[in-house]
Amino acid sequence: MVRDELVGDELVVSAPSRSTRKRFAAVVVSALILGLAPGIGNSVSAAKGGKKQKNTTTTTIVPLTTASPATTTSTTTTTTTTTTTTVPSATAPIAGAPVTASSSSTNTKYGSLWGANNWSRTTFESLTNTSVGAKQPTSMTDVVAQVGADDMWAAGYTGAGVDVAVIDTGVASISEFSTTNVFIGPDLSFESGIDEVAGLDTYGHGTHIAGIIAGRTPGADPLDRRPGDFIGVAPDARIVSVKVADNTGAVDVSQVIAAIDWVVQNRHTGDLDIRVLNLSYNTNGTQSATLDPLSKAVENAWKHGIVVVVSAGNEGISSFGLANPATNPHVIAVSAAQLNPTFGWTNPIWAPSGNGKRNPDVLAPGVSIASLRNPGSRVDVEHPEGRVASDARLFLGSGTSQSTAVVSGAAALLLQQRPHLTPDQVKKILTETATNTFQFEIIKGNGVIDLSAAMLRDVGPSVQTWKPATGLGSLESARGTDHVTIGDHVLVGEYTVTGARWEPVAWVAASESATAWSGDDDWSGSTWSGSTWSGSTWSGSTWSGSTWSGSTWSGS
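Residues numbered from 1 in each chain as written. Predicted model: local features only at pLDDT ≥ 70, side-chain atom pairs only at ≥ 80, totals over all residues. Heavy atoms only, no water.

Moving on to the pattern of salt bridges. Considering all chains together, one arrives at 19 salt bridges under this definition. Measuring nitrogen to oxygen at the nearest pair gives 3.5 Å for the salt bridge that ties arginine 393 to glutamate 176. Linking arginine 393 in the loop between α6 (378-382) and β19 (394-399) with glutamate 176 in the loop between β10 (163-168) and β11 (182-187), this pair joins segments that are 217 residues apart in sequence. Arginine 393 gets classed as partly exposed once you look at its relative accessible area, which sits at 23%. Among the residues examined, glutamate 176 registers a relative accessible area of 5% and is labelled buried. (Salt bridge = Lys/Arg side-chain N within 4 Å of Asp/Glu carboxyl O. Helix = DSSP H or I, 4+ residues; strand = E, 2+ residues; numbered from the N terminus. Buried < 20%, exposed > 50% of the residue type's maximum accessible area, 1.4 Å probe, protein only.)

Now the structure itself:
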């Protein structure tokens, strides 16, 4: 997974969660970076003096059948989701179909963008704010023209040979991915124990994001587009999908960290060549980026040669700071913009602001993006208003999740053009050639990416000299105010989603050496197997009292 919005014109989506082998769906209060509107749900609006008012959400977990996602209810209390997960071997092609959603949800944690749960605070509700600007969908044809991707296509660069890891809610088996090379990595979500949906997107966010990066209508030619063709920014790039969230979007930060470690460790496994990592996900944790383990994880991926593109959050200008892990200065932090025919590039009201020291690096289109719909997913069923009436394949989404996907596709194009580029050089090219939007720098960063200029920009050696992250801070603080729960137990404190105690020193050493994963089911001493989540494992004092107080995923 970052808050996205899919509502009416746009829909808001939330972060993914996991279900145990016992088929429990954990409704987690995480915010996958789908575009969550400021002041709603998990989003945090700043009070006077820059202090943030925290809203916490509690979620109830109910049994999940393979045919319908769990019913969720939420109140204004802290929530955490824990579930059992088994990491399947990462070699299977897309197969199966998304489950049919037939449950209702009253979760309002993630506002008007596209969902709830750390995936850009996406809650899949209608967006009623008319000040965003555009009433019409922004097609991918518009997007590729606005950022100059079509010029790179014309020069022969379509992302071929570049693998883009997408840590999100999975990818659906739909025709627009049938000619796109998709590699299904491990399923670390709460649904990993359900064979029918393992690796598949049952929520809808991951499909939307992957479509922006590399979706493609069967037979579509980037150089000879037909009316109705859907083509992502880098249509010949390969998507490496790592599913961390379930049909409710619930996910714990430890799941995301584990997924990042998997990507780093397997970046060159077999025929993989992962050069880009898309993370349309954040938390509202305010821990120093130097100490925060999620920040450390993305920086570690960067230092292993992967261009990490993260959403900046959707908390609005009053946020006075980017969402975690966009606070890490090494990675590319992306905010959203919209091209207005009268006023030029503008920023939606939910776009975040930096604090003057750490601002967004670049902007990209992120309002009412018409990307791929996942029929039968939770977002699709609960928010039919997000569907594009003229094209049943498409769904509207707004948020920095979407703009992040645009930049990930752009990075793939540059890396095909110049495979020798380092992450620091890719960042330098994109920031130095961006189009000035004339807003304050804390909002615009360096401006909107411009691939027409970027493809022509020479770049010499470039090394960022920021203070390195240690990752020795608190896992609980990395969660922010959102938590996942299973039964009556809330996942809080210095414990991972598997129930293992968080050992930062040991994790940092393993993560830096790209050895955090041992085999298919052991991550940093935590076992991702169904038996780990048996009732007896989670009984007793381990889950009681203040030990489990803490935070969960909040999205951008």
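Where helix α7 (residues 400-417) meets helix α8 (residues 423-432), the axes come as close as 11 Å, and the angle between the chain directions of the two elements is 115°. It follows that α7 is roughly perpendicular to α8 by the angle criterion. At the point where α7 passes α8, the crossing takes the right-handed sense. Of the residues in α8, those touching α7 at Val407, Ala411, Leu414 and Leu415 are Val426, Ile429 and Leu430. (Axes fitted to C-alpha atoms, helices over the stretch in contact; angles between N-to-C directions. Parallel < 35°, antiparallel > 145°, perpendicular 65-115°, else oblique. Left-handed = near helix turned anticlockwise from the far one by under 90°. Contact = heavy atoms within 4.5 Å.)

Quick look at helix α3 (residues 205-214) now. Across the 10 residues that make up α3, a large majority, 10, are buried. Residues His205, Gly206, Thr207, His208, Ile209, Ala210, Gly211, Ile212, Ile213 and Ala214 constitute the buried set of α3.

Moving on: the pairing of β11. Summarising burial for β11: 6 of the 6 residues are buried, a large majority. Bridging between β11 and strand β12 (residues 238-243) involves 4 bridges; their strand directions are parallel. Its bridge partner being in β12, aspartate 187 is matched across the sheet by lysine 243. (Pairing = 2+ DSSP bridges.)

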